[in-house]
Amino acid sequence: MNEQTQKSMKPMPEQIAYANLLFIGAWVGILMMIITYFLYLGGIVSPHVDLALITQNWNKGVDDYLQITNSPHGWAWLNLINKGDFLNFVGIVLLAVMTIICYLLLIAGYKKRKDWFYFFIALMEVVVLAVAASGILGAGGH
Amino acid sequence: MLLKYIKKWCLFVNLMLIVIFNHPMAVLAAQEVGAAGTTRPLWFWPLILFVFCFALGIIAVLAGVGGGVLYVPLVSGFFPFHIDFVRGAGLMVALAGALAAGPGLLRRNLASLRLALPVALIASTCSIAGAMLGLYMSKLNPNLVQVCLGATIVGIAILLILSKNTEKPIVRKQDALGLALGINGAYMDEATKEEISWKTHRTLPGLVLFVFIGILAGMFGLGAGWANIPVLNLVMGVPLKISVATSKFLLSITDTSAAWIYMNKGCVIPLIAIPSILGLMFGSFVGVKLLSIAKPKFIRYMVIVVLLFAGLKAMDKGLGLGILG
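Residues numbered from 1 in each chain as written. Chains lettered and ligands numbered in written order. Predicted model: local features only at pLDDT ≥ 70, side-chain atom pairs only at ≥ 80, totals over all residues.

1. Overview of the pairing of strand 1 (residues 184-189) of chain B
All names here are of chain B. Put simply, the rule is: Here the rule is simple: two strands pair whenever DSSP picks up at least two bridges between them. Helical segments are the DSSP runs of H or I of at least four residues, strand segments are the runs of E of at least two, and each set is numbered from the N terminus.
As paired strands, strand 1 and strand 2 (residues 194-199) are joined by six bridges and run antiparallel to one another. Note on strand 2: the bridge partner recorded for Asn184 is Lys199. With antiparallel pairing between neighbouring strands as the criterion, strand 1 and strand 2 make up a hairpin whose turn holds four residues, including Lys193 at a positive phi of roughly 55°.

Spelled out as structure tokens, the structure:
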């Protein structure tokens, strides 16, 4: 096996760090979803939207649903984090934010290696995901 | 003893298939629409979804397809949820599965970052556009989304029939773009104990195809493994193992961007999304254990039939024909 092949068979250290962080984040997120869902359905933390109201309206479009159930969009759910249904978003959001966090490790790795093209690609990806997460694009009013 | 064990598991798989194909829970679901939220206990709907998705998770692994591609057409066809919420949950289902699988694939260096990063940037940007377009279409007319979803699902079923992936494609000469990006690598084939070096060709057409894949993934909340793998493998000449692993890793990025759009819009209802995610994940674990004794080829054909049916049903529903019930 030549040196080049040997080198490409070994993941770079940031890749392993990415994997380790993703492993922890993903499973913590899933565990949080299980716990918060139990608190929600078990009635331990009261919900913002009554369960019956959800089942009566989940066949409607999202705009009508949000209006009828008086539910927030975008990051406004944070104001209702003490409610059982919106508490569930903690685990869901953790899953959705993990890629952004892990990419920061890659940015640092490519910068260290002076691999500027991949540094730029990773940076752009973080920008794209951050814009999507910010709610600027998707949280049109209702 | 072994035969008895196999028979037991085959019976279990068959039962799971019956659950999916005869969709008795969907019948229940339909009956419940009128009486929603009246007499059923709190855990009734989550339990139905969990069991349904658990079965889907098993089938998805055995058939070698992602959870999202089965989840969206089947749940939108047979459950009373609006397509907006099904797509939101579908993306979360695909995302959770990809995030859980990602660490193992990265540690073993099967998911190639040099391949995934440029592709992910294109696909995730386009999946945002797809998600916004899908939500806009749904606002205009949800039936339009149903028809387009149906047509896409039928297309995926045809793609699954026709695409014959290649274990180790022959790439004689790497193209300029692939070379400039340094998209190459090597891995150890555990089965043959062989070191396999790989590189890409037709890199530009491959990257362009990810524009469309991203848009479709975002628009319908499908995940995109069904399209990622053939493009990486057949168009760009990436070995199948690397294609499958990189595709799974790619989903964790592509689906994240689209999932944020749906989540910020309010399309993720935890009551629907969480049992779906957990059901599919646990089902996938069981599916992996069953892989060695099941007949994946047979199950794959059955899934193709189900996808064809689900696609035609979505089109039927969208066009308001009522032919398929």
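2. Looking at the interface of chain A and chain B
Here is the rule we go by: The contact rule is simple: place each C-beta atom from the backbone, and if two of them lie within 7 Å, those residues are in contact.
The interface is formed by 57 residues belonging to chain A together with 63 residues belonging to chain B. Elements with a contribution of two residues or more to the side of chain A that touches chain B: helix 1 (3-9), helix 2 (13-41), helix 3 (51-57), helix 4 (62-69), helix 6 (89-113) and helix 7 (116-134) of chain A. It is helix 2 of chain A that provides the largest number of residues to the side of chain A that touches chain B, a total of 14 residues.

3. Considerations on the packing of helix 6 (residues 113-140) of chain B against helix 9 (residues 203-220) of chain B
Residue and element names in this part refer to chain B. Basically, it comes down to this: Angular values range over 0 to 180 degrees, each being the angle between N-to-C directions of two axes fitted as lines to C-alpha atoms, with helices fitted over their stretch in contact. Small angles under 35 degrees read as roughly parallel and large ones over 145 as roughly antiparallel, with 65 to 115 read as roughly perpendicular and the rest as oblique. The hand of a helix crossing depends on one turn: near helix anticlockwise from the far one by less than a right angle means left-handed, and clockwise means right-handed. Classes in brief: Ala, Val, Leu, Ile, Met, Phe, Trp, Tyr, Cys and Pro nonpolar; Asp, Glu, Lys and Arg charged; the others, Gly included, polar.
The N-to-C vectors of helix 6 and helix 9 enclose an angle of 40°; their axes lie 6 Å apart at closest approach. Taken as axis vectors, helix 6 and helix 9 run oblique relative to one another. In this structure, helix 6 crosses over helix 9, and the sense of that crossing is right-handed. Taken together, the residues that form the contact of helix 6 with helix 9 break down as 18 nonpolar, seven polar and no charged.

4. Comments concerning the confidence of the model for chain A
As a reminder, the rule being used: Residue-level confidence of the predictor, termed pLDDT, takes values from 0 up to 100.
Scored by pLDDT, chain A comes out at a mean of 89, with 91% of its residues at no less than 70. Of all secondary-structure elements in chain A, the lowest mean pLDDT belongs to helix 1 of chain A, at 65, while helix 7 of chain A reaches the highest, 95.

5. As for the packing of helix 6 of chain A against helix 7 of chain A
All names here are of chain A. Running from amino to carboxyl end, helix 6 crosses helix 7 at an angle of 160°, the nearest separation of the two axes being 9 Å. Considering the angle they form, helix 6 stands roughly antiparallel to helix 7. When you trace helix 6 past helix 7, the crossing you get is left-handed. Every residue of helix 7 that contacts helix 6 at Val97, Thr99, Ile100, Tyr103, Leu104, Leu106, Ile107, Tyr110 and Lys111 is listed here: Tyr118, Phe119, Ala122, Leu123, Glu125, Val126, Leu129, Ala130 and Ala133. Residue composition of the contact of helix 6 with helix 7, by class: 15 nonpolar, one polar and two charged.

6. Describing the nonpolar core
Where we set the bar: Note on definitions: a nonpolar core is a set of buried residues drawn from Ala, Val, Leu, Ile, Met, Phe, Trp, Tyr and Cys, linked by C-beta atoms within 7 Å. Each residue is classified by how many other C-beta atoms fall within 10 Å of its C-beta atom, where C-beta atoms are placed from the backbone; a count of 20 or more means buried, 12 or fewer means exposed, and values in between mean partly exposed.
Ranked by internal contacts, the top residues of the largest apolar core, which has 150 residues, are B:Leu56, B:Ile59, B:Met92 and B:Leu95. Aside from chain neighbours lying at most four places away, what touches B:Met92 is A:Ile92, B:Ala259, B:Val268, B:Ala273 and B:Ile277.

7. What to know about the environment of B:Leu105
Turning to its location among the elements, B:Leu105 is positioned in helix 5 (residues 83-107). Apart from the residues within four sequence positions on either side, B:Leu105 is in contact with B:Leu110, B:Ala111, B:Ala245, B:Lys248 and B:Phe249.

8. Examining helix 4 (residues 67-78) of chain B
Stated precisely, the cut-off is as follows: Working rule for helices: expected span equals 1.5 Å times residues minus one.
Compared with the 16 Å implied by 1.5 Å per residue over twelve residues, the 16 Å span of helix 4 of chain B between its first and last C-alpha is a close match. Among all positions in helix 4 of chain B, only B:Gly67, B:Gly68, B:Val69, B:Leu70, B:Tyr71, B:Val72, B:Pro73, B:Leu74, B:Val75, B:Ser76, B:Gly77 and B:Phe78 are buried.

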